[in-house]
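# A closer look at the structure
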Amino acid sequence: MRKLVIAISVLAFTGAAASADPIADRQALMKERGKLVGTLSKVVKGEQAFDAAAVLDALKGLEANAEKFDTEALFPVGSEQGSDTTAAPKIWEDKAGFNAAEDKYLADVKAAVATPPADVDALKGPFGAIAKDCGACHQTYRIKKG
Amino acid sequence: MGRAGKLLGAVVILGAAAAVVGWFLSAPVRLDADTIAKLGAGDAAKGKRIFFAGGCASCHAGAKAEGDARFELAGGVELKTAFGTFVAPNISQDTRDGIGAWSMEDFANAMLKGVSPSGEHLYPAFPYASYARMKPSDVADLYAFMKTLPAVSGKAPGHQLPFPFNIRRGIGLWKLAYLDDRPVIDLPADAPEAVVAGRYLVEGPGHCGECHTPRDFAGGPKKTEWLAGAVAAEGDGIVPNITSGEGGIGDWSAEDIASYLENGLTPDFDSVGGAMVEVQKNMAELPPEDRAAIAAYLKAIPPHPNGYPPRKPQR
């Protein structure tokens with residue numbers, strides 16, 4: 001019985017430790033974000049037919065993803081290096097600017113969800129704004145590494 | 001005179017001769033009359049495309065300028081490199097602080113030969129080593145377009161460069177080694193039109209090689225690793241390999257490249273980042289056939305493995 005308790009606590013502990021890996025967490029969120037943007041990108045480029053419900057799903061997915069993106073929890077001091085992070089030191093030097101960039105992105109995603117696009121042309125505007133937010137943040141707060 | 005005296009004399013004479021030769025070799029060279037004659041009148045409407053192809057605003061407009069602010073070319077953007085800090089000058093139409101008083105010939109000499117109106121060498125942080133490959137008529141069109149842009153007063157601060165890089169005359173020797181108006185990549189005579197057009201855009205006005213090609217000890221591009229990616233001039237990151245070699249973009253289709261230049265999204269669902277954000281904004285302003293030409297060229301050039309060292313393992 002005692003062994004079982006220990007085993008469970010060990011498991012629980014490693015589980016907690018795994019979810020306490022902010023670099024892995026933020027990378028997973030970014031990956032998911034990219035996949036969703038990719039789905040929308042295909043529609044905008046005309047590679048995939050416009051489906052209002054599917055587009056709204058993707059936008060809602062982006063909204064949920066952005067709301068989970070807690071910069072304090074995901075970019076704590078001490079997570080500047082390691083595990084193939086491409087986060088730029090600028091994130092910790094200019095927290096306010098980084099948060100503002102993330103907030104602008106969340107606002108643009110929310111706006112897109114609030115007025116669901118009825119056709120591909122209506123999607124182009126909000127999609128362009130979102131794509132631009134990606135670039136604006138990556139311009140300053142990400143470093144490409146080999 | 002003793003033997004040591006003779007030797008010393010010879011060294012002094014040789015040294016003086018080298019200095020004289022070096023002085024002549026390093027003299028600024030302006031455009032010849034032939035090229036000046038090819039400039040023509042310049043067409044401002046066509047020059048707008050060249051303005052974006054050349055990425056002028058990326059360095060000469062304020063950092064992160066949007067909309068019409070990208071036409072306010074007051075300079076001031078800093079480029080912190082291993083050679084020192086370069087500061088982009090004011091190239092607005094202000095006659096005192098900018099280049100409003102420059103003639104078309106002055107402008108062409110700066111763009112194609114890296115020589116200022118007063119006859120000084122310009123630093124190759126201004127990418128004339130690429131612009132040298134531009135057609136004189138495109139330079140003239142760009143000049144005409146820039147004449148339509150606003151004058152913005154205020155001089156940008158000077159470069160902050162340590163010795164010996166603060167001696168402009170030395171750039172003359174650098175130019176002998178690296179300033180060349182011939183294309184980097186030889187293409188077969190029957191190369192598709194788009195590839196040839198793309199070569200012009202990439203190697204000339206687009207000056208892609210300035211960041212994407214690794215540099216040798218003297219800061220010249222290693223043409224044997226053309227566009228293979230490089231350690232970034234600024235900061236501690238890298239600039240990606242854009243050939244089809246290992247680590248490059250061989251798995252991107254020509255459409256993927258063109259689309260990335262238009263909307264900033266990579267085929268693996270990532271987005272444009274770093275200094276490329278400003279570049280991509282400019283590329284988005286080009287006509288679609290220009291982006292397609294750039295893509296066609298990048299698919300046609302020799303593949304190379306990454307031009308930067310592999311990443312050191314972390315922790």
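Each residue is numbered by its place in its chain's sequence as written, counting from 1. In the order they appear in the text, chains get letters beginning with A and ligands get numbers beginning with 1. Selection of residues for local features in this predicted model requires a pLDDT of at least 70, selection of side-chain atom pairs for listing and counting requires 80 or more, and totals for whole chains, interfaces and linings are taken over all residues. As a convention, hydrogens and water are excluded, and side-chain values are obtained from all of the structure's heavy atoms.

Turning to the layout of surface pockets, a few remarks are in order. When its volume is computed, the second largest pocket comes out at roughly 590 Å³. Computed over the protein atoms alone on a 1 Å grid, cavities are sets of points where a 1.4 Å probe fits but cannot get out and pockets are open sets with protein on both sides within 12 Å along at least five of seven lines; a residue lines them when it has an atom within 4 Å of a point. Contributing to the lining of the second largest pocket are 24 residues, with Gly128(A), Lys132(A), Glu262(B), Asn263(B) and Gln280(B) lying nearest its centre. For the lining of the second largest pocket, the elements supplying multiple residues, two or more each, are α7 (120-141) of chain A together with α11 (254-263) and α12 (276-283) of chain B. Within the lining of the second largest pocket, the residues separate by chemical class into seven nonpolar, seven polar and ten charged. Grid points are joined across faces, edges and corners, and a volume is the space filled by probe spheres set on the points. Secondary structure elements are defined from DSSP: runs of H or I of at least 4 residues count as helices, runs of E of at least 2 residues count as strands, and each element is numbered from the N terminus. All residues other than Ala, Val, Leu, Ile, Met, Phe, Trp, Tyr, Cys, Pro, Asp, Glu, Lys and Arg, Gly among them, are scored as polar; the first ten of these are nonpolar and the last four charged.

Now for the pattern of salt bridges. By definition, a salt bridge exists where a carboxyl oxygen of Asp or Glu is found within 4 Å of a side-chain nitrogen of Lys or Arg. By the definition in use, this model includes 17 salt bridges over all chains. Glu67(A) is the partner of Lys110(A) in a salt bridge, and the nearest nitrogen-oxygen pair spans 2.5 Å. In this pair, Lys110(A) sits in helix α6 (residues 95-114) while Glu67(A) sits in helix α3 (residues 52-68), placing the two residues 43 residues apart along the sequence. Look at the salt bridges and you will find they share partners, linking Lys132(A), Glu66(B), Glu278(B) and Lys281(B) into a network.

Contacts: residue pairs with any heavy atoms within 4.5 Å of one another. Contacts between the two partners involve 21 residues from chain B and, on the opposite side, 26 residues from chain A. Here chain B and chain A share two salt bridges between them. With its nearest N and O atoms 2.9 Å apart, the salt bridge here joins Asp270(B) to Arg142(A). Nitrogen and oxygen atoms within 3.5 Å of one another constitute a polar contact, given that in protein one can donate a hydrogen and the other can accept it, and given that sequence-neighbouring residues count only through two side-chain atoms. Counting across the interface, chain B meets chain A through eight residue pairs in polar contact (both at pLDDT 80 or more).

Residue and element names in this part refer to chain B. Two strands qualify as a pair provided that DSSP identifies no fewer than 2 bridges between them. Relative to strand β2 (residues 84-87), strand β1 (residues 78-81) is paired through four bridges, and the arrangement is antiparallel. The residue bridging glutamate 78 from the neighbouring strand is valine 87, located in β2. As consecutive antiparallel partners, β1 and β2 are separated by two residues.

In this structure, Arg142(A) sits in the segment after α7. Judged by its relative accessible area of 14%, Arg142(A) is buried. Side chain to side chain, Arg142(A) and Asp270(B) meet in a polar contact 2.9 Å long. Within polar-contact distance, the side chain of Arg142(A) engages the backbone oxygen of Ser271(B) at 2.9 Å. Each residue's exposure class comes from its accessible area (1.4 Å probe, protein chains only) as a fraction of the maximum for that residue type: buried when under 20%, exposed when over 50%, partly exposed otherwise.

All names here are of chain B. Summed over the entire model, instances satisfying the criterion amount to one cavity of 30 Å³ or more. The computed volume of the largest cavity comes to approximately 100 Å³. Considering the residues around the largest cavity, the lining is formed by Ala129, Ser130, Arg133, Trp174, Tyr178, Gly209, Glu210, Arg215, Pro221, Lys223 and Trp226. Breaking the lining of the largest cavity down by element, the ones donating at least two residues are α6 (128-131), α8 (171-178) and α10 (209-212). Along the lines of polarity and charge, the residues of the lining of the largest cavity split into five nonpolar, two polar and four charged.

In this section: the side chain of Asp290(B). Structurally, Asp290(B) is set in helix α13 (residues 288-300). Classification of Asp290(B) as buried rests on a relative accessible area of 7%.

Here we take up the nonpolar core. The set of buried Ala, Val, Leu, Ile, Met, Phe, Trp, Tyr and Cys residues whose side-chain atoms join them within 4.5 Å is what this entry labels a nonpolar core. Ranked by size, the top nonpolar core spans 52 residues in total, and within it Phe51(B) and Met146(B) carry the most contacts. Secondary-structure elements contributing two or more residues to this core are α3 (44-53), α4 (56-60), α5 (104-113), α7 (136-146), α9 (193-203), α11, α12 and α13 of chain B. When residues in this core are grouped by element, the largest group, six residues, is from α7(B). The residues touching Phe51(B), leaving out its near neighbours within four places in the chain, are Cys56(B), Ala57(B), Arg70(B), Phe71(B), Leu73(B), Leu142(B), Phe145(B), Met146(B) and Leu149(B). Grouped together as the second largest cluster of nonpolar side chains are 20 residues, Val55(A), Ala58(A), Ala112(A) and Val113(A) included.

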